[in-house]
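Residue-level listing of the chains:
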Amino acid sequence: MKVKRYSNLSRRGPSVWKIVVGIIAVALLVFIGFSLAEPIAKLFSGAYRHPAESSQASEDASKTLSEVVSDNTGATSSSPEILPETEGFSVTVPVEVLKTKASEFFESAKARGVNDVIVELKDKNGLLHYQSALASAMKAKAVAEDALDLASLVKECHDRGMTLTVKIHCFMDHTATALKGAAVRYRTADGALWLDDYKDRGGKSWLNPYSQEAKTYLTDIVHELTEQGADRVILASVRFPGGYQQDAYYGENTQSRTECLKSFVAQAKEATAREVWLEVGVWHYAAKSPEVFGDNALLFGADGIFANLVAEDFGKSYTVGDRTVNAPSEHPTELIDAVMETLKTMNTEKIKIIPSLQGYSYTPAQIKEQIEETKKYGAEHWALKLTGETVPEIG
């Protein structure tokens, strides 16, 4: 009987071990399955690459769009350089060019690597060179007869991957002074329009920076321009008039002139969701006329400072700070260095500075030197002022 009992036990024993081994085997299969699932998925999805392919993909991803296009098309080094996307390359074109050959100009600009076109659509006389629907503009007879269709211009720019920036002169305007309450007046009983010089010497009237009617007119223009598609607005002539001031009457005001100009920039920014830049120039850098330009325009709150560095505008000699540049047109990089150093000191709020450079009367190499000089001061966006339709190939 004992032998029989032990015999039965020995027959049951192997079945227990089989169960244990089976459990272990299943566990191993589960572990292996989870380990191989991700590589197998990558293999079938194409995400699993040969090391050489991964290296090439990484290299391609680090290239700019223009470099990839150049690789694929076999472009030679003589092709115009497309600036990196982090840098802005604008050209300021005369409005007459866009009135006669806009499409040709945009094609040329794009081929030269331009990514932004600047055009003045409100000139120093107060004329609007776009089709405005503002009642105040109609009343002032401010719309030019050959005014441009701004929306069409914007579309042409955007279709080519470029933006359109519009520049407007603000208080230097002798057209909208016809609007009630908008102009500087004489301090006389009749309150006639004040002129910045004798009429027979070409004296002009000005919009009054203290006048809310004038500021509303201008900010309505800013709003309309961006509603029609303009990508940003540059405010020029944000200043008081010079000339004979003895009899000029601006109204009874408590704001300083600096506060007045600064508050106007704030109102212009409230009129649009787009960027608003402020143009500064020769007199701002010298800081000799705060009663005209305010104390420091870089602190007026604009989104960017459009700094005029067109050498031709600085005369035969120019002094800024303790530096004098003789014959600026012959030494544009010296001028740029002197002015940019001054702007660096003025720019306590670290506002973006966009240098506006002379894009004519110089060789491409000389223009390139100007750009490189501004980059020493951290410029990432610059503009070339043109006098015609030709965009220089700066390489």
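That block above? That's the structure.
Here the structure is a predicted model, which is why all the values come from computation and not from measurement. (Residues numbered from 1 in each chain as written. Predicted model: local features only at pLDDT ≥ 70, side-chain atom pairs only at ≥ 80, totals over all residues. Heavy atoms only, no water.)

(A) A look at the nonpolar core. By size, the foremost hydrophobic cluster in this structure holds 94 residues, and its most contacted members are Phe 105, Val 117, Tyr 217 and Leu 235. With residues up to four places along the chain from it excluded, the contact list for Val 117 reads Val 91, Val 93, Phe 105, Phe 106, Cys 157, Met 162, Thr 163, Leu 164 and Thr 165. The next biggest cluster of nonpolar side chains, apart from the first, holds six residues, and it includes Ile 234, Trp 277, Ile 354 and Ala 383. (Core = buried A, V, L, I, M, F, W, Y, C linked by side-chain atoms within 4.5 Å. Buried < 20%, exposed > 50% of the residue type's maximum accessible area, 1.4 Å probe, protein only. Contact = heavy atoms within 4.5 Å.)

(B) View of unusual backbone geometry. Phi at Lys 141 takes a positive value of approximately 55°, unusual for a residue other than glycine. Residue classification places Lys 141 among the exposed residues on the basis of a relative accessible area of 71%. With a phi close to 55°, Ala 287 is a non-glycine residue in the positive phi region. Mapped onto the elements, Ala 287 comes out in the loop between helix H9 (282-286) and helix H10 (290-293). (Helix = DSSP H or I, 4+ residues; strand = E, 2+ residues; numbered from the N terminus.)

(C) Seen up close, helix H6 (residues 150-159). Looking only at H6, the buried set comprises Leu 150, Leu 153, Val 154 and Cys 157. Relative to the axis of H6, the buried residues are bounded by an arc of 100° and lie together on one face. Among the exposed residues of H6, those pointing more than 90 degrees away from its buried face are Lys 155 and Asp 159. Residues of H6 that are buried in the fold lie against helix H4 (95-111), strand E2 (116-122), strand E3 (128-130), strand E4 (143-148), strand E5 (163-169) and helix H7 (212-227). (Arc of directions from axis to C-beta.)

(D) View of the packing of aromatic side chains. Counted according to the given criterion, the structure contains nine aromatic pairs. Measuring from ring centre to ring centre gives 5.5 Å for Phe 240 and Tyr 250, while their planes differ by 70°; the resulting arrangement is edge-to-face. Separated by ten residues along the polypeptide, Phe 240 in the loop between strand E7 (232-236) and strand E8 (248-249) and Tyr 250 in the loop between E8 and helix H8 (257-270) bring together distant segments of the chain. Here the two residues Phe 240 and Tyr 250 agree in accessibility, since each one is buried. Seen in terms of ring centroids, Phe 314 and Tyr 318 are 4.8 Å apart; in terms of plane orientation they differ by 85°. Their pairing is edge-to-face. The structure contains a cluster of three or more aromatic residues connected by ring pairs, namely Tyr 210, Phe 240 and Tyr 250. Sitting over the ring of Phe 240, Arg 257 keeps its end group 4.3 Å from the ring centre. Cation over ring: Arg 257 sits above Tyr 250, and NZ or CZ is 4.8 Å from the ring centre. (Phe/Tyr/Trp six-rings, centres within 6.5 Å; stacked < 30°, edge-to-face > 60°. Lys NZ or Arg CZ within 6 Å of the ring centre and 35° of its normal.)

(E) Local environment of the environment of His 381. The residue His 381 is located in strand E14 (residues 381-385) in this model. Considered as a pair, His 381 and Phe 89 are 292 residues apart in the sequence and their alpha carbons are 5.9 Å apart. Those residues in contact with His 381 that lie beyond four places of it in its chain are Gly 88, Phe 89, Ser 90, Asp 116, Trp 277, Ile 353, Ile 354 and Pro 355. Reaching out from His 381, the side chain makes a polar contact with the side chain of Ser 90 at a distance of 2.7 Å. (Polar contact = N/O pair within 3.5 Å; in protein donor to acceptor, adjacent residues only side chain to side chain.)

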